[in-house]
Amino acid sequence: MTNKRRSTWLAWAVAFWAWLVLAAYYANAWPYYQEKISTFGRFLLRLS
Amino acid sequence: MISLAVVLALALILPGLGWPLVARLDRAGRLDGLERVAIALLVGAWLLYLAVFAVGLARLDRLSMGALLLAAMAAAVPGWRAMPWRRWAAGVGADWAAAPWGTRGLIAVTAAVALSSFLQGLAPPNDYDGLMYHLTMPKFDIETGRIGLHWGITGYVVFPQLLGHLYRLVMAVGGDAAVQCVHGLTGLAAAALAAAIARRLGAGMTGAWTAALLFLALRVVVWEMGTAEVDLLTAAIGAAVVVVALAWRERAETGLALLLGLTLGVGLCGKYNVFAIGIALALPLLATAWPDWRRVGQLLLAASVSFAVFAPHAGWAWLHTGNPIFPLFNTLFNPGQPQPFAGSESIYGDQRTVLNLLTAPWDIFIRPTAKFDGMIIGAPLLLMLMPAALLRPSRPLAWIAGFCGVFFVLWFFVLSQQVRFLLPIMPHMAALAAIGAGNVFSLAAGNRLLVAALGGAMVIAALNQSLFVGIYAALRLPPALGLVSAERYHADTPTLQGGFYQSCRYVSDNLRPGERYLGLIWPHSFYCPQAAADVNGLLQDELQSWRFGTPLAAMTPAQVIETFERENIRFVILMHGWEKRVNDSSRPEVITLTYDEHRLARHFIPALETLSPLAQDRFSAVYDAKIMIEIMKKRIADAETRP
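Definitions and cut-offs
Residues numbered from 1 in each chain as written. Chains lettered and ligands numbered in written order. Predicted model: local features only at pLDDT ≥ 70, side-chain atom pairs only at ≥ 80, totals over all residues. Heavy atoms only, no water. Contact = heavy atoms within 4.5 Å. Salt bridge = Lys/Arg side-chain N within 4 Å of Asp/Glu carboxyl O. Polar contact = N/O pair within 3.5 Å; in protein donor to acceptor, adjacent residues only side chain to side chain. Nonpolar A, V, L, I, M, F, W, Y, C, P; charged D, E, K, R; others polar. Disulfide = S-S within 2.5 Å. Helix = DSSP H or I, 4+ residues; strand = E, 2+ residues; numbered from the N terminus. Buried < 20%, exposed > 50% of the residue type's maximum accessible area, 1.4 Å probe, protein only. Expected span 1.5 Å × (residues − 1). Axes fitted to C-alpha atoms, helices over the stretch in contact; angles between N-to-C directions. Parallel < 35°, antiparallel > 145°, perpendicular 65-115°, else oblique. Left-handed = near helix turned anticlockwise from the far one by under 90°. Core = buried A, V, L, I, M, F, W, Y, C linked by side-chain atoms within 4.5 Å. Pairing = 2+ DSSP bridges.

Caption draft 1: Structural detail: the interface of chain A and chain B. Contacts between the two partners involve 25 residues from chain A, matched on the other side by 36 residues from chain B. Inspection of the chain A/chain B interface yields zero salt bridges. Run the count over chain A and chain B and you get five residue pairs in polar contact (both at pLDDT 80 or more). Across the side of chain A that touches chain B, the residue classes break down as 18 nonpolar, four polar and three charged.

Here is the structure:
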């Protein structure tokens, strides 16, 4: 494999890893953000 | 304003105080200007800590600390005069002129995050540990007029006080308005050292600023910058010792070894967790030095210096508790006495198995609320980027990874598994992530689809993280800048178990000289008077009972009345609930407290049920103890006359 192709594959591997981490994070932390969003919503309602 | 002026003066004084010593130990200039200034700030903090310690034992008030501050200013002048200002100014100007617009934007964002987080220290304290002991102990000493021991707050009583003594200085001279900003200063030093580590790993200006930003934007850093915790000091120390160790690895000079030991010792004066940094540092350093006996000897010298620097605190702790590192290993130093905080290591975190150790890095970033102590880091940018640092391996990188790895294993198996206790390796992780970002984007250069795939993930995570930065700013900057009152801020802002602000303010405003109050609140809030408190139900002659494991005597209602009258208890503050935030649902739940088993409260709670609180907030209420006693007396009399 040429250096260029190897570099491209490595960069794709990192990109795959980054999206995997991100997807897993939101899958697990979604209730946390949901609660924050509803708190923020209540705050906006109180303001209104 | 005086408080902020004192902190800003400290920002100038500390590097000036430390610079001559750092420059003397680094005669050959192996450290660059940024590294020297950041380390000088830490060394200067230690010098001032020693001075506050020495003077404060005799007198701790505005006059003594004001005079000390003026003396420190004078002592810092030679250091400031010795700094190469012209060279730095020319260097900064040239760097800025050469920087592309993207890098300039990065610098502006980093500076904005740093400034925002630093200024948040001006908001009223509402952080759990700060309220419980970091600020509470200095307040106790200021009330009593000299450095002493606030036994009622239990095992924290002789924790290392490097920042605590600086908090005492600021509070004595200028009040508590800006005291938390002192901790923020150490956070800025840690960010600078994250950039320094990135540079030692080969990063250019963009990489160095990226490392600083990745560190500053961590949720734990944003949170702690505006608090009076001490973990950011450990981050700065963890980064500083690695910077010095990297320089020493290249040239094993005795001065650098001494500086390494000095820096580590400074950290030990700030938090016991720094012992773990020392061990994590020693293993890779010994591996580097062995079998060169000159190098090994230098490392032993460094260790000796660390212990010498730590000696004043160890002596103080030993004098009062018989244990130089109280409360650590207390059963070893004081056989027969209890081990404070026993079992607390299992409150947070995961089971300590090898399999869980291997999955911990994933769980910390991905499942923080389920497996560890909450959303400490935020978006997993570091986990996304750090592996890419391995794309260009180097000896310094392997060495830093080794240090982080050993520290992580120690944290997992020995320390309390609170993720914030990983702060000593977070500057390094930020530097590795910055290096990783540089590596992967340079590999992807020219491939638009790849750059978009990488950039998309980064942008989502960065936007997510900016929410944390923004929310903390939105919560804390308005009260910090005087736009929102402290009452409103405390009422609207959630904090672990609460600050008990309204209740404590009421007691502070209405307690007369000679009167005491019973505080059944935890944390025993900084906002309450300290010296006049029976903290957590410990009466005056029971303050050290926790240290010796002395059982607290059961009481009858008549004895409770007699005790309250003898101690002239004017108020009772009662905590009635708290908010639990770490659970499987990731949603907070309110836990209601009952006092059915409490030896004092179970007797007076029925009397309180007929009383209206004098003041209250979300989780506590203040009652008039005098009226409460009258009700108790009447009930006893009624019971006795009843046929």
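Don't stop here, the text continues.
Caption draft 2: Region of the structure containing the state of the cysteines. Residue and element names in this part refer to chain B. Per the counting criterion, the structure on display carries one disulfide over all chains. Covalent S-S linkage joins Cys 504 and Cys 528, the inter-sulfur distance amounting to 2.1 Å. On the sign convention where negative means left-handed, the S-S torsion of about -80 degrees between Cys 504 and Cys 528 marks this disulfide as left-handed. Residue Cys 504 is found in helix H24 (residues 501-510), and its partner Cys 528 is found in the loop between strand S1 (516-520) and strand S2 (533-535); the two are separated by 24 residues along the sequence. Residue Cys 504 is classed as buried on the basis of its relative accessible area, which comes to 0%. On the basis of relative accessible area, Cys 528 is assigned to the buried category, the value being 0%.

Caption draft 3: Just the side chain of B:Glu542, in detail. Residues and elements named next belong to chain B. Position of Glu 542 among the secondary structure elements: in the loop between S2 and helix H25 (545-548). Given the relative accessible area of 11%, Glu 542 is considered buried. For Glu 542, the side chain forms a polar contact with the side chain of Arg 599, separated by 2.5 Å.

Caption draft 4: Spatial organisation of the pattern of salt bridges. All names here are of chain B. Following the criterion strictly, the structure yields 24 salt bridges over all chains and no others. For the salt bridge of Asp 492 with Arg 488, the shortest nitrogen-to-oxygen distance reads 2.7 Å. Of this pair, Asp 492 and Arg 488 both sit in helix H23 (residues 486-492), four residues apart, which is roughly one turn of the helix. Taking the relative accessible area as the measure of exposure, Asp 492 reaches 35% and is therefore partly exposed. The salt bridge partner of Lys 634 is Asp 638, with a shortest N-O separation of 3.5 Å. Of the two residues, Lys 634 and Asp 638 are both situated in helix H28 (residues 625-641); the distance of four residues between them amounts to about one turn of the helix. Counted as one network, the salt bridges with shared partners bring together Asp 129, Glu 229, Asp 231, Lys 271 and Arg 420.

Caption draft 5: Layout of the environment of B:Ala302. Residues and elements named next belong to chain B. Positionally, Ala 302 belongs in helix H15 (residues 293-321). The class of Ala 302 is buried, set by a relative accessible area of 5%. Counting along the chain gives 131 residues from Ala 302 to Ala 433, while the straight-line C-alpha distance between them is 30 Å. Those residues in contact with Ala 302 that lie beyond four places of it in its chain are Ala 257 and Gly 261.

Caption draft 6: Broad picture of helix H4 (residues 85-98) of chain B. For H4(B), built from 14 residues, the straight-helix expectation of 20 Å at 1.5 Å per residue is met to within 8% by its first-to-last C-alpha distance of 20 Å. Burial analysis of H4(B) places just zero of its 14 residues in the buried class, which makes it a mostly uncovered element.

Caption draft 7: Spatial organisation of the environment of B:Ala607. Residues and elements named next belong to chain B. Within the secondary structure layout, Ala 607 lies in helix H27 (residues 601-608). As for Ala 607 and Ile 631, which are separated by 24 residues in sequence, their C-alpha atoms are 6.0 Å apart. Ignoring anything within four residues of it in the chain, the contact list for Ala 607 reads Met 628, Ile 631, Met 632 and Arg 635.

Caption draft 8: Structural detail: the packing of helix H14 (residues 274-289) of chain B against helix H20 (residues 395-413) of chain B. Residues and elements named next belong to chain B. At a minimum axis distance of 8 Å, the contact between H14 and H20 shows a crossing angle of 140 degrees. Taken as axis vectors, H14 and H20 run oblique relative to one another. The chirality of how H14 crosses H20 is right-handed. Touching Ala 276, Ile 277, Ile 279, Ala 280, Leu 281, Leu 283, Pro 284, Leu 285 and Thr 288 of H14 are Trp 399, Phe 403, Val 406, Phe 407 and Leu 410, all from H20. Classifying every residue of the contact of H14 with H20 gives 13 nonpolar, one polar and no charged.

Caption draft 9: Spatial organisation of the nonpolar core. Residues and elements named next belong to chain B. Of all hydrophobic cores here, the largest spans 240 residues; its most connected members are Phe 215, Trp 411, Met 426, Phe 564 and Phe 604. Counting residues per element, this core draws most heavily on helix H12 (residues 231-250), which supplies 15 residues. Discounting chain neighbours no more than four positions away, the residues touching Met 426 are Phe 215, Leu 218, Val 220, Ile 377 and Val 419. Counting 10 residues, the second-largest nonpolar core is a separate cluster that includes Ala 388, Leu 443, Leu 450 and Ala 453.

Caption draft 10: The sheet that holds S2(B), seen in detail. All names here are of chain B. The strand order across the open sheet built from five strands is S2-S1-S3-S7-S6, with neighbouring strands paired in mixed fashion. The sheet terminates laterally at S2 and strand S6 (615-617), the two strands that pair on one side only. The mean angle between the axes of side-by-side strands here comes to 15 degrees, regardless of whether they run parallel or antiparallel. In terms of strand pairing, strand S3 (residues 569-575) meets strand S7 (residues 620-624) through five bridges, oriented antiparallel. Following the sheet pairing, Val 572 is matched in S7 by Tyr 623. Docked against the sheet, H28 engages S3 and S7, running at close to 90 degrees with respect to S3.

Caption draft 11: Spatial organisation of the packing of helix H2 (residues 33-58) of chain B against helix H9 (residues 181-200) of chain B. Residue and element names in this part refer to chain B. Running from amino to carboxyl end, H2 crosses H9 at an angle of 145 degrees, the nearest separation of the two axes being 9 Å. Of the two possible hands of crossing, H2 and H9 adopt the one that is left-handed. Note on element contacts: H9 touches H2 through Ala 189, Ala 192, Leu 193, Ala 195, Ala 196, Arg 199 and Arg 200, opposite Leu 34, Glu 35, Ala 38, Ile 39 and Leu 41. Looking at the contact of H2 with H9 residue by residue, the classes come out as nine nonpolar, no polar and three charged.

Caption draft 12: Layout of the pairing of S7(B). All names here are of chain B. S7 sits mainly inside the fold: five of its five residues count as buried. Because side chains alternate across S7, one face comprises the buried residues Ser 620, Val 622 and Asp 624, and the other comprises Ala 621 and Tyr 623, equally buried. In the sheet, S6 pairs with S7 via three bridges, with the strands oriented antiparallel. Pairing of Gln 616 across the sheet is with Ala 621, part of S7. Linking S6 back to S7 in an antiparallel pair, the connection comprises two residues.

Caption draft 13: Here's a closer look at the pairing of S1(B). Residues and elements named next belong to chain B. Counting buried residues in S1 gives five out of five residues, a clear majority hidden from the surface. Alternating positions in S1 separate into two faces, Arg 516, Leu 518 and Leu 520 on one and Tyr 517 and Gly 519 on the other, with burial throughout. Bridging between S1 and S3 involves five bridges; their strand directions are parallel. Each bridged residue has a counterpart across the sheet, and for Gly 519 the counterpart in S3 is Ile 573. In this sheet, S2 lies alongside S1 in parallel orientation, the contact comprising three bridges. Of the residues in S2, the one forming a bridge with Leu 518 is Asp 534.

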